[in-house]
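# Topology and contacts: notes
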Amino acid sequence: MAIDVRTLVLIIGISHLLQVLVLFNQYKANKNLLGPGWWLMWSSAEALGFILILLRSIPSLIPMVIIFQDIVIFSGTIFIYIGIVRFFNKKVNLKLITYFFVSFVILHLFFFFVKNDILIRTLIFDAYLSVIAFLTAIFIYKNKTSSIALAANFNIVIFIVHGIIFCFRFIMILFGSTVFEMFSPTLFNLLQYFDGLIVGLLWTFGFIIMLNQKLNAEISEVKVHFEQIFNTSPDAVVISRLSDGMFVECNEGFTKISGYTKKEILDKSSLDINIWKNPSDRFEVVKMIKIKGSYENFEFPFQRKGGEVITGLMSGKILTLKGIPHIISVTRDISDRKIADQVIKLKNEELIKLNLEKDKFFSIIAHDLRGPFSGFLGQTQIMAEDSHSLTMLEVKEFAVSLNKSADSLYRLLNNLLEWSQIQKGSVVFTPAAIQLRSLVDESMVMIIESAKTKGIEINYDIRDDITVFADNNILQTVIRNLVSNAVKFTPRNGKIDLSAKTLSDKSIEICVRDSGIGINPSMVDDLFRLDVQTNRKGTEGEPSSGLGLLLCKEFIEKHGGKIWVESEEGIGSAFYFTLPYHVKPEEKFLTKNAIPDDGAERKMNPEVAGLKILIVEDDKASEILISKMVEMVGREILKVRTGIEAVEACHNNPDLNLILMDIQMPGLNGYEATRQIRQFNKNVVIIAQTAYAQTGDREKSIAEGCNDYIAKPILKDELLALIQKYFKE
């Protein structure tokens, strides 16, 4: 029977198109595997190659077909080789393959365009195909694994047969066989066509088998790994039915954590063995997993077999087994960690409190203590060096300022000492029965004078028979601080009332009420907080550190009482505290603070004069001191007390040469004032001056727009030297 070669080529082309569909589905289903994509490209190239062969029936297309036909078919075998290499997760030597492919294309085109010889072109085609076939077989042999050995050996045989077929064609040409027209039913042509049909189908079949064997091997490996992880995990791993919570599998970690054996829980639900401390938690988990499909890191209390309650960190996911939805859950016993977290939390709270106390202590020392000392040192220096040039009025101003500063310093130092002692736990606490009215009278001795100076009336509503159980010295400190604050924040001719009454629980409630300026509601909640700055100046500029109220809170709580405030801005404030009956003292812990040095003095001589200077300083003593220091270099000296006034003064005086800017001021601080000034005046020299004197202050001042920085206490020669630095020209 005669074979119609054109029909055979058409069948081969159709078979390769079908193989394209098969390999495309394999590629889509196994995108994570390397190789199938390249095999899909091989099948597509083969289908295209045989379509080109059919086009030889059209005479006008023959030259184009001759150029591309063998190149397309040969590229398909290259794709097979690359796919095999990638299938075994090996690196492809693209450089070598490119040289191999390009050499074929060059030879093929040479013997068409330069020396048109179909015999040599066919010889080259057969030789290259047989070489790539044998190379592929060798590669599979070297890299095959036991899990895919059967399919690999099958493919090796097919590649060897493929190589032998084209070797035989190569030999036929060498021994004189004639290359006939492509559609002639000769042995030479039929070998190629039957190879394209049968070997192509066997390749596709072999690739799919090899692919499935690899997938099965990987699934088996994953299953083994899963079982190992499942059984060796220290966490409790359980598989249970979603519908009723029935256990179907558990690991050793679960038996250790729960106390139940595997035999005791299988075919029982989690509710049957009462493992949930709160059974409603299980329903919440089921509800959550039905909505989201999984849950992660939820804490639940669980009950061990013996009744011990533990805390578990639980994660889970829906798992389908035999068509039935199950939950696989992993639970870690974090009971010890929870205890450790609580301990760490308590230690952190203690550490934060200690740091806040330290920061508060340094803040008070840096600003409220160093600031007044700056005035002391500067004023005494001027009085010692320039006494002959001072008028009697100036001497009196200095004396009054020194007296007020001394009084403020005494109170502040006394509070600092008491506060540091209570933080160290070194306060001697000896409560006893004390007549309250006598103690109040004794406490008021040091305060009454400052109240008279402001014309403030102090009234008492304390019965003589009221007795408190408290430490005498500590209670005096509390009353002095509260009444001193009342005097400080009450304007002239105001009124302060002290009262006491017995409550139903026999505790004593004491109240200090004033007709002062009151407290802003936003500040009330922060008055007794260590981490919030609430200090402000009194009605006549009296300094305030905020430390007194912290002392009162510490001392009252040491007695077992509580302290609170009721205030209305513009009306006045009432501070209440209670002293319970016979309460044991609390223990306090040690915290130690260090006081930084003030720095060294530098003596410089001024060489400038005629400057217009703005002094921004909220401390009166410091303002007088600085004014005296710079009067020899200033033709005009302006003075303001706040940051807002400083910005306004600069607007009104664009010819200012120098600004001495205090940083720590209520409201708009020195840095913010500097930033606003720099928006309209880039040239004025601004020197920051502050009592904080911390590392990096100079860099921060310059970064905020200041030209330089000087730390309090300010020395005359040091300040003049700094001014000389910017105005010596």
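Because the structure is a prediction, the values reported are computed rather than measured.

## A short note on the packing of aromatic side chains
Tallied over the full model, the rule gives 28 aromatic pairs. Summarising the aromatic geometry, the rings of Trp-42 and Phe-207 are spaced 6.1 Å apart at their centres and angled 85 degrees between planes, so their arrangement reads as edge-to-face. Taken together, the residues Trp-42 in helix α2 (residues 36-54) and Phe-207 in helix α7 (residues 187-232) connect sequence positions 165 residues apart. When sorted by exposure, Trp-42 lands in the same class as Phe-207, which is buried. Each member of the aromatic cluster is reached from another via a ring pair, and the members are Trp-39, Trp-42, Tyr-81, Phe-87, Phe-88, Phe-139, Phe-159, Trp-203 and Phe-207. Of note, Arg-169 hangs over the ring of Phe-188, and the distance from its end group to the ring centre comes to 4.0 Å. Taking the ring centre of Tyr-460 as reference, the NZ or CZ of Arg-437 above it sits at 4.6 Å.

## A few points about the side chain of Ser-75
Looking at where Ser-75 falls in the secondary structure, it is placed in helix α3 (residues 62-87). Within the local environment of Ser-75, its side chain forms a polar contact with the backbone oxygen of Val-72, the two atoms lying 2.5 Å apart. Contact partners of Ser-75, with chain neighbours within four places excluded, come to Ala-45 and Phe-101.

## Points about the pairing of strand β4 (residues 309-321)
Strand residues, when the strand is regular, have side chains that alternate between the two faces of the sheet. The pairing of strand β3 (residues 294-303) with β4 spans eight bridges and is classified as antiparallel. In the sheet register, Phe-300 faces β4, and the bridge partner there is Gly-312. The loop that links β3 with its antiparallel partner β4 comprises five residues; one of these, Gly-307, has a positive phi angle of about 100 degrees. Where β4 lies against strand β5 (residues 324-333), ten bridges are found, and the strand directions are antiparallel. If you follow Ile-318 over to β5, its bridge partner there is Ile-327. Between β4 and β5, which follow one another and run antiparallel, lie two residues, and Lys-322 among them has a positive phi close to 55 degrees.

## Structural notes on the sheet that holds strand β2 (residues 247-250)
Taken in spatial order, the five strands of this open sheet run β2-β1-β5-β4-β3, and their pairing is antiparallel. Strands with a single pairing partner mark the edges of an open sheet, and in this sheet they are β2 and β3. Averaged over neighbouring strand pairs, the angle between their axes works out to 30 degrees when direction is ignored. Each of β1 (236-241), β3, β4 and β5 is contacted by helix α10 (residues 279-292), which is oriented at about 175 degrees to β3, the strand it contacts most.

## Description of the pattern of salt bridges
Pairing of side chains with opposite charge becomes possible as their charged atoms draw close. Counted by the stated rule, this structure contains 25 salt bridges. Among the salt bridges present, the one from Asp-655 reaches Lys-612, with a minimum N-O distance of 2.9 Å. Taken together, the residues span a long stretch of sequence, with Asp-655 in the loop between α19 (643-652) and β15 (658-662) and Lys-612 in strand β13 (residues 611-616) at a distance of 43 residues. It is possible to trace a salt-bridge network through shared partners that takes in Lys-612, Arg-635, Glu-636 and Asp-655.

## A closer look at the nonpolar core
Counting residues in each nonpolar core, the largest one holds 60 residues, and the members touching the most others are Ile-84, Tyr-193, Phe-207 and Met-210. Of all elements in the fold, only α1 (5-29), α2, α3, α4 (94-114), α5 (118-143), α6 (149-174) and α7 reach the threshold of two or more residues within this core. At 13 residues, the largest contribution of residues to this core is made by α3. Contacts of Ile-84, omitting those with residues within four sequence positions, involve Trp-39, Thr-136, Phe-139, Ile-140, Phe-207 and Met-210. Leu-439, Ile-456, Val-487 and Cys-552 belong to the second largest nonpolar core, which has 42 residues in total.

Criteria and cut-off values
Residues numbered from 1 in each chain as written. Predicted model: local features only at pLDDT ≥ 70, side-chain atom pairs only at ≥ 80, totals over all residues. Heavy atoms only, no water. Phe/Tyr/Trp six-rings, centres within 6.5 Å; stacked < 30°, edge-to-face > 60°. Helix = DSSP H or I, 4+ residues; strand = E, 2+ residues; numbered from the N terminus. Buried < 20%, exposed > 50% of the residue type's maximum accessible area, 1.4 Å probe, protein only. Lys NZ or Arg CZ within 6 Å of the ring centre and 35° of its normal. Polar contact = N/O pair within 3.5 Å; in protein donor to acceptor, adjacent residues only side chain to side chain. Contact = heavy atoms within 4.5 Å. Pairing = 2+ DSSP bridges. Axes fitted to C-alpha atoms, helices over the stretch in contact; angles between N-to-C directions. Salt bridge = Lys/Arg side-chain N within 4 Å of Asp/Glu carboxyl O. Core = buried A, V, L, I, M, F, W, Y, C linked by side-chain atoms within 4.5 Å.

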